[in-house]
Amino acid sequence: MASAESLSNLVDEEMVFIGNLKTLLPCAVRNLIRSNKLSIRNTSGMAEGFKQANVIILHKSLADDFEIFCQANDGPLPLLYRSKPGEWKCTYLSNDSDIRTDCPQYRKYEHGECTGILTSLEEYSRQLKDMVTFYLGCSFTFEKALQESAVPIRNVEQKCNVSMYKTTVPCYGTERFHCNLIVTMRPIPQDKLEVVVQTTHRMKKSHGAPVHIGNPGLLGIKNLSSPDYGDAVQAHPGDVPVFWACGVTGIEAVCNCKSSLAFTHSPGCMFITDLKDNDAVPDQELPKVYCISWNPLYYSITATAAVQKIRCLEETIGVDPGNRGVKHLYSQGELLKACLSMSHAQSVLITTGFPTHFKYDPPEENDGPPGAIAMAAMLKALGKNVVIVTDQRALNLNKKIIKEAVEQGVMETPVPVISYHSHSADSALQFLCEHGNTEKPRYDHLIAIERAGMAADGNYYNARKINIKHLVDPIDELFLAARNIPGITTSGIGDGGNELGMGKVKEAVKKYISNGDVIACIVEADFTVTAGVSNWGGYAVACALYILNTCEVHDRYLRKAVGFPRLSKKACWASALPSVAKEEKLLHILQQNEVRSGRTASLEMEVDGLPFYNVHSLMIERLLKATLM
């Protein structure tokens with residue numbers, strides 16, 4: 001029998017091993033695991049700086065299909081190595097290893113059901129001769145890199161496994177394998193979000209950048225305190241939930257496949273490789289992070305190069321014809337954040353219409369509809385549901401304009417045009433949500449472009465301070481109601497401060513715009529895009545949406561790193577961009593329908609040495625050049 005002293009020495013020796021697991025080489029950790037000298041629940045924090053791997057072991061008849069499943073969903077299933085049948089050692093990943101013994105814990109699956117928790121697979125060596133092992137990247141790999149960037153890793157601090165959750169996001173399915181995405185979640189301080197995204201982005205074989213930042217409900221996760229795998233990790237005040245694609249997705253696929261026999265690692269109990277992860281990515285690809293919604297909290301990401309292009313668009317449309325003071329309403333980054341929000345939306349409502357010519361019939365001006373149609377065309381090309389809402393008196397006119405725009409090739413497909421009627425206090429709520437239920441909004445994003453906006457006294461004014469309220473339906477109510485409906489964001493596009501959504505800059509309107517103290521719109525949008533001419537703002541939105549959706553970083557985030565990149569649709573999206581030819585056709589359609597210019601008194605002005613009449617064509621050319629360069 002061992003003496004108390006010798007037992008104490010053994011315990012001390014094991015504690016030394018456990019305390020040094022972070023700095024031990026992978027082969028030393030594997031030896032400890034293989035010899036059952038460690039009683040551990042997960043490998044997080046072990047052999048820091050080396051890649052860890054999820055493990056899936058399947059019959060060889062399923063291997064080809066599972067490899068296709070991995071390639072189609074490389075966010076959750078980044079393939080490090082596929083073994084040959086019966087290959088227990090993996091010299092590509094480690095010099096001295098045995099997959100039968102080198103994970104702390106395994107799971108056995110029969111016909112989709114977990115039928116055993118094991119510490120070794122040696123007793124199944126005969127069956128393993130006909131099975132193939134898949135080694136898949138793991139997010140534990142990047143935890144050391146985050147800590148080196150002064151990012152706290154809460155699960156490591158709390159000495160527990162990372163939290164893992166089932167989502168409602170479907171993976172790309174194959175003949176035998178299908179499942180929804182599984183994600184890991186780490187609470188991250190808000191001021192560390194960008195460094196976290198940029199650090200993990202380059203580690204593509206360890207799941208890469210996050211697939212979601214913010215409210216878990218948007219992934220179908222109901223309760224962060226009840227993870228489906230792993231442990232509940234406690235967030236600190238100011239932390240934001242950040243989600244990465246997770247290799248446990250492979251386990252879900254194995255369950256759904258219902259093969260007669262399969263083995264996996266137990267979630268959190270990884271195979272530790274001898275490979276370091278030091279992949280480098282050019283600076284232009286590094287992601288930037290932006291908050292695009294506070295209710296619910298939601299962040300988006302895109303590449304630095306895309307940000308720079310969109311800022312160029314924003315500066316380009318900031319030209320101020322006639323020096324009316326519009327430049328003072330400009331706020332950098334609004335175009336980018338508005339378009340990021342639209343990019344995530346599934347259903348978009350657009351409103352336009354400014355009856356500045358109140359003595360004519362129709363009283364509409366031609367600034368607004370072209371920009372609205374340009375945005376609608378791009379949003380439709382991107383697969384969004386798009387609806388245009390306008391004044392009841394202008395309903396038939398706008399339907400006719402849309403019909404002729406499709407016939408003339410300005411738009412690929414028509415967009416429904418509807419009107420809004422305010423009958424009661426909850427009319428806006430009933431219009432925006434199914435049966436008035438705020439949990440079921442019909443639209444994700446509302447856009448107002450050159451739409452008459454309500455002033456402080458409840459009236460609507462044109463630039464000359466003339467009240468046109470009798471010609472304007474109270475579509476402002478939709479934007480006001482949207483502020484209290486989770487999941488609906490709003491954008492306002494204007495060129496004078498009296499347009500719907502420009503309430504965010506009302507103080508600057510009062511100070512710098514002629515008659516601003518009277519005409520300033522008080523209704524705010526979440527994002528305010530200011531342009532020298534509102535149509536330019538609409539064209540810039542269409543161009544920015546194209547830039548974002550052809551950005552690999554943003555595309556991956558949109559599809560949650562499952563399925564294939566959507567860049568094959570690039571040509572279709574390019575055909576939806578605004579053009580000089582489309583604008584000329586549309587202006588002719590408007591002219592034929594007696595829609596007049598809002599700037600007839602300004603036709604003699606020059607901008608950059610060119611007559612104002614030619615500036616619109618020049619603007620479109622400049623925007624396209626900035627977009628496609």
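Up top is the structure.
Everything in this summary refers to the structure shown in the same document.

## A few points about the packing of aromatic side chains
Item 1. On inspection of all chains with the given rule, the structure shows twelve aromatic pairs.
Item 2. Here phenylalanine 142 and tryptophan 244 contribute two aromatic rings whose centre-to-centre distance is 5.0 Å and whose plane-to-plane angle is 40 degrees, an arrangement assigned as tilted. Highlighted residues: phenylalanine 142 in the loop between strand S5 (131-137) and helix H5 (143-148) and tryptophan 244 in strand S10 (residues 239-245), separated in sequence by 102 residues.
Item 3. Since its relative accessible area comes to 0%, phenylalanine 142 is described here as buried.
Item 4. By way of ring pairs, the aromatic residues Phe66, Phe69, Phe134 and Phe177 are connected into one cluster.
Item 5. Positioned over the ring face of tryptophan 244 is arginine 186, at 5.4 Å from the centre of the ring.
Item 6. Between lysine 560 and the ring centre of tyrosine 557, over which it is positioned, the NZ or CZ distance is 5.0 Å.

## Regarding the pairing of strand S6 (residues 163-170)
Item 1. Across five bridges, the pairing between S6 and strand S7 (residues 180-189) is antiparallel. Considered in S7, the bridge of tyrosine 165 is made with valine 183.
Item 2. As paired strands, S6 and strand S9 (residues 229-230) are joined by two bridges and run antiparallel to one another. In the sheet register, methionine 164 faces S9, and the bridge partner there is tyrosine 229.

## Looking at the pattern of salt bridges
Item 1. Scanning the model with the defined rule gives 24 salt bridges in all.
Item 2. Notably, a salt bridge pairs arginine 154 with glutamate 157, separated by 3.2 Å at the nearest N-O pair. A residue pair is termed a helical-turn pair when its members lie 3 or 4 positions apart in one helix, as arginine 154 and glutamate 157 do in helix H6 (residues 154-157) at three residues.
Item 3. Taking the shortest distance from any N to any O, the salt bridge between lysine 506 and glutamate 524 comes out at 3.7 Å. Within this pair, whereas lysine 506 is found in helix H15 (residues 506-512), its partner glutamate 524 is found in the loop between helix H16 (516-519) and strand S20 (527-530), the two being separated by 18 residues in sequence.
Item 4. Residue classification places glutamate 524 among the partly exposed positions, given a relative accessible area of 28%.

## Regarding the state of the cysteines
Item 1. All chains considered together, the criterion is met by zero disulfides.
Item 2. Left unpaired, cysteine 257 is separated from the closest cysteine sulfur, that of cysteine 255, by 10.0 Å.
Item 3. Overall, cysteine 257 belongs to the buried group, its relative accessible area being 8%.

## Overview of helix H3 (residues 60-72)
Item 1. Helix length check: H3, at 13 residues, gives a terminal C-alpha distance of 19 Å against a target of 18 Å (1.5 Å per residue), a fit within 8%.
Item 2. Within H3, burial applies to Leu62, Ala63, Asp65, Phe66, Phe69, Cys70 and Ala72.
Item 3. Elements that come into contact with the buried residues of H3 comprise strand S1 (50-59), strand S2 (79-82), S5 and helix H8 (249-257).

## Describing the packing of helix H11 (residues 369-381) against helix H20 (residues 580-592)
Item 1. Two elements in contact, H11 and H20, have axes separated by 10 Å at closest approach and are oriented at 130 degrees. Relative to H20, the element H11 is oriented oblique. Considering only the axes of H11 and H20, their crossing is right-handed. Where H11 approaches H20, its residues Pro369, Pro370 and Ile373 are matched on the opposing element by Leu586, Leu587 and Leu590.

## A look at the pairing of S5
Item 1. For S5, a buried count of seven out of seven residues is recorded, marking the element as mostly surrounded by other parts of the structure.
Item 2. Going residue by residue along S5, you find Met131, Thr133, Tyr135 and Gly137 tucked away on one face and Val132, Phe134 and Leu136 tucked away on the opposite face as well.
Item 3. With seven bridges connecting them, S1 and S5 associate as antiparallel partners. Residue valine 55 lies in a different strand from S5, and its bridge partner there is tyrosine 135.
Item 4. Relative to S5, S2 is paired through three bridges, and the arrangement is antiparallel. Directly across from leucine 79, in S5, lies its bridge partner leucine 136.

## A word on unusual backbone geometry
Apart from glycine, the bulk of residues carry a negative phi angle, and the bulk of peptide bonds sit in the trans form.
Item 1. With an omega of 0 degrees, the peptide bond running from asparagine 295 to proline 296 counts as cis.
Item 2. The residue proline 296 is located in the loop between strand S13 (287-294) and strand S14 (297-303) in this model.
Item 3. Following aspartate 361, the chain continues to proline 362 via a peptide bond in cis, the omega torsion being 5 degrees.
Item 4. Its location among the elements puts proline 362 in the loop between strand S15 (347-353) and H11.
Item 5. Phi at glutamate 450 is positive, roughly 45 degrees, even though this residue is not glycine.
Item 6. Residue placement: glutamate 450 occurs in strand S18 (residues 445-451).
Item 7. The exposure class of glutamate 450 is buried, given its relative accessible area of 4%.
Item 8. Phi at lysine 560 takes a positive value of approximately 60 degrees, unusual for a residue other than glycine.
Item 9. If you trace the backbone, lysine 560 turns up in the loop between helix H18 (552-558) and helix H19 (570-575).

Conventions and cut-offs
Counting of residues starts from 1 at the beginning of each chain's written sequence and follows it residue by residue. Thresholds applied to this predicted model are a pLDDT of at least 70 for local features of residues and 80 or more for the giving and counting of side-chain atom pairs; totals over whole chains, interfaces and linings are not thresholded and use all residues. To obtain the side-chain values, all non-hydrogen atoms of the structure were used and water was disregarded. Pairing of aromatic rings covers Phe, Tyr and Trp, the last through its six-membered ring, and needs centres within 6.5 Å; plane angles under 30 degrees mean stacked, over 60 mean edge-to-face, and all others mean tilted. Numbering of helices and strands runs from the N terminus; a helix is a DSSP stretch of H or I covering at least four residues, while a strand is a stretch of E covering at least two. For each residue, the accessible area found with a 1.4 Å probe, counting protein chains only, is set against the maximum for its type, and the residue is called buried under 20%, exposed over 50%, and partly exposed in between. Placement of a charge over a ring requires the Lys NZ or Arg CZ to be within 6 Å of the ring centre, with the centre-to-atom vector within 35 degrees of the ring normal. At least two DSSP bridges between two strands are needed for those strands to be called paired. We define a salt bridge as a side-chain nitrogen of Lys or Arg found within 4 Å of a carboxyl oxygen belonging to Asp or Glu. When two cysteine sulfur atoms lie within 2.5 Å, the pair is treated as a disulfide. One less than the residue count of a helix, multiplied by 1.5 Å, gives the span that helix is expected to have. We call two residues in contact when some of their heavy atoms are within 4.5 Å. A fitted line through C-alpha atoms represents every axis, and for helices the fit uses only the stretch in contact; the resulting angles, taken between N-to-C directions, go from 0 to 180 degrees. Put simply, angles under 35 degrees are roughly parallel, angles over 145 are roughly antiparallel, angles from 65 to 115 are roughly perpendicular, and the rest are oblique. Crossings are sorted by hand: turned counterclockwise from the far helix by less than a right angle, the near helix makes the crossing left-handed, and turned clockwise it makes it right-handed.

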